[in-house]
Structures are given as structure tokens and as C-alpha cells.
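Spelled out, the chains give:
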Amino acid sequence: MEKLNILVVNWQCIKNPSGGGAEVHFHEIFKRIAAMGHNVTLFCSMFPGAEAEEMIDGIRTIRKGSRSLFNFYVKSEYRTRFSKEHYDIIIDDINKIPFYMTRYVKEPLLAISHHFFGKSIFREARFVSAIYVYLAEKLVDVYYNKAPFVVVSQSTLDEFVSRGFDSNKFSIVHNAIEQKDFPMGGCEKSPNPVITYFGRLKKYKSPDHLLRAFAIVSPSFPTAELHIIGRGDFRPQMEKLVRELGITEKTTFFGFVSDEEKKRLLSLSHCVVNTSMKEGWGITNIEANACRTLTISADVPGLRDSVLNGVSGLLYKYGDVAALAEKIHEVLSSEERLNHLSEGAVRWASEFSWDESARKMLEVVEKTIINYKL
């Protein structure tokens, strides 16, 4: 197909400090599509210090409105500006509050969804905000039931099907890694056992479960260390709990770290633990695996897709702190078990490539345009 003119609407860009996996997924895939010669425009929200318009890795990035009010700008900007720029396709990247672009977009439209927050939003946000998100997600069933979708995992697809959507309208395009940027096995572990949490410090991600599990395991491994990588508004509660559990001297909060520091810390770790109650995929699991580090994750939608249980890591029942402690004890007490899962982690990570994800996304984009014209 000839060069395409693509508009993507997402809440945030890759530079936004509040960004997460959805922004990485968009950026890594569409910067590659732009490098293939296609025109890619991103419309997203502003953040302090951001420019109203700039080029980022070949993506024309246009910002307007605050993070909390951005969705109210989408329809008017489309009608006054973007509808006149002759796009071949519009991509509606759904995250928390949908844009409902199916109601007014005239061009072919492709939706991307990472996961539904569902009732988990009530654990993260105040009631008024949570009910707003919860009800907004319910309207996806009404306004997007005929739209073609890209999702990031089988779990997300299963959730859509359970809500009455047609599975034939869905394609899975996984989160991935840039394999050449990771050691993929060529690294050494810390001489002391290191258990690591890697991700945003948010209440719904339940990192407090790991703190409690580490407190259970710690007496059996006197030199064990707990590393917390990431930032978020749940950190003060975590720091308080660390003090209450008496594990302050063994726990280090690293906050936000550079990519190089992230890979160094993941490579030193004996295992990475993901305690979230729900995810779209779990890219942090794959990044850890690419550093020859096994993952122990809650057996929940998204995370169970990014862990090959018994090969790249282990799954446990979400919220069962005792079971999580047992899994950590299992891998730290057996060098043979640790090495088996660490080697399996590298093999599993080698299956995920941003280049392949970009190729598949472009294939879905082209198919969507063709189907629209039929």
C-alpha cells in the first residue's frame, strides 16, 4: 500500500511523566511505522513544560488540554482541524476514558485497547472519579461494538468477547522489547539475593503485597535485599509500611531510573515480582526476562499472558501474600530452580520484538482501510 497518513489519538505521549505501558506500546510501534515512510500524527494532552507541537522520533506530536480534560478537546479538534487534513485512518487508543470517536469520525477507524479497569479503578481513584471511569468504560460496549480492534493480549480479547464483542474483529499486537538493547542472558546476579518490584507505584498494582511477602521470607535469607524501581503516588504508604514491617535496612527505593540503570538493576535481580490486580499485558515481565531474570506474577488478566508459567517465571493467586512468599522462597532456596527459570526467561523474551509488532500493526491498519472501502 502507498504511503499512509495516520492520526492517532491517545491521552499522553512518550514524554509525559504520567505515561505508562500504553504510551510505550504506541510509541515503539508507530515510530517504526513512521520510519517505514508513513506520516504519523499523535494528538494528546499537554503537561508542564511541554511544547504545543513537536516531532518525536518521526511522529508529529500535537498537544492540547490538560490530562484531566483532554477528552473534551478531541471532538472539536477533529472537526475544526483534523477532518480537513485528509487522514487515511484514525486510531482511537482507548485508556480509561474512551474518546467515543466512532460517533463522529468519517474516515476508517481502528481502536486500540490494553485492558478494562473495571472494578479495579475503585481501588485506585476516589469514588466520584472511579464511577466516572467505570461508567465510561461501560459505554465502550455501546459505541465500539462494530469497530475493529487491536488488543495487546488474549486476556483482553477474552474480556471483550465476554462483553458481547465479535472476536473476528480483533487482532492481537503484543507489547515487546528492542532485543539488541538488552543483555539477553549475558549478565551476572548480585551476590546477595535481590527481589525487585519494577513498575509504577500505584495502589491498584498492590506493591504492598510484595513488602509483606518479603517480610515473611527475609528471616530465611538474612542477606536478601528488596529493590523498588519506579515512581507513583503510593510511595508514601509503601515507605510507611516498610518501617512498620521492620525491613527498612533491606529495602531501597530507587524511584525513576534511566534505561541503562533499569537494565543494570534488573540484571542484578534474582527475581522480579509483579503484584498488580490487572494489566493489559505486563511489559515489565518481558524486560526483566530479557535481563535473564525470572518473574513471579499474580495470576490475573494480562500478567498471565506475559509469563510462561514454569518456564519464564511463576504465577500465584492474586492477593495471597503467603503464596507469593512461598514462590519467592522456592526460587531463592534452589539454585537449580533459579537457573532453570532464568534460562527459560531469556528464551521467552526472545519471542517478542517491536519490529514484528510494528509489522503486524501496519498489516491491521492496511486491512482496516481496505475493509472500509469494500
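Here, every reference points to the structure presented above.
The text that follows walks through the structure, step by step, so that each part is easy to find. Quantities reported herein were computed from a predicted structural model and do not represent experimental measurements.

### A short note on the sheet that holds strand 9 (residues 194–198)
Spatial ordering of the open sheet is given by 11-10-9-12-13-14, a layout of six strands whose pairing is parallel. Of all strands in the sheet, those with a lone pairing partner are strand 11 (251–255) and strand 14 (313–316), marking the two edges. Geometrically, the sheet is characterised by an average inter-axis angle of 20° between neighbouring strands, direction not taken into account. Both strand 12 (residues 271–274) and strand 13 (residues 294–298) contribute to a ladder of four bridges, which runs parallel. By the bridge assignment, V273 is partnered in strand 13 with I296. Together, strand 10 (225–229) and strand 11 form the strand contacts of helix 8 (residues 235–245), whose direction differs from that of strand 11 by roughly 165°.

### Some words on the packing of aromatic side chains
A full pass over the atoms with the stated rule returns 19 aromatic pairs. With a centroid separation of 5.0 Å and 90° between ring planes, the pair formed by F160 and F165 is classed as edge-to-face. Accessibility classification places F160 together with F165 in one group, the buried group. With a centroid separation of 6.1 Å and an interplanar angle of 85°, the aromatic rings of F165 and F170 are classed as edge-to-face. Taken as a pair, F165 and F170 share a single burial class, namely buried.

Thresholds applied
- Residues numbered from 1 in each chain as written.
- Predicted model: local features only at pLDDT ≥ 70, side-chain atom pairs only at ≥ 80, totals over all residues.
- Heavy atoms only, no water.
- Pairing = 2+ DSSP bridges.
- Helix = DSSP H or I, 4+ residues; strand = E, 2+ residues; numbered from the N terminus.
- Axes fitted to C-alpha atoms, helices over the stretch in contact; angles between N-to-C directions.
- Contact = heavy atoms within 4.5 Å.
- Phe/Tyr/Trp six-rings, centres within 6.5 Å; stacked < 30°, edge-to-face > 60°.
- Buried < 20%, exposed > 50% of the residue type's maximum accessible area, 1.4 Å probe, protein only.

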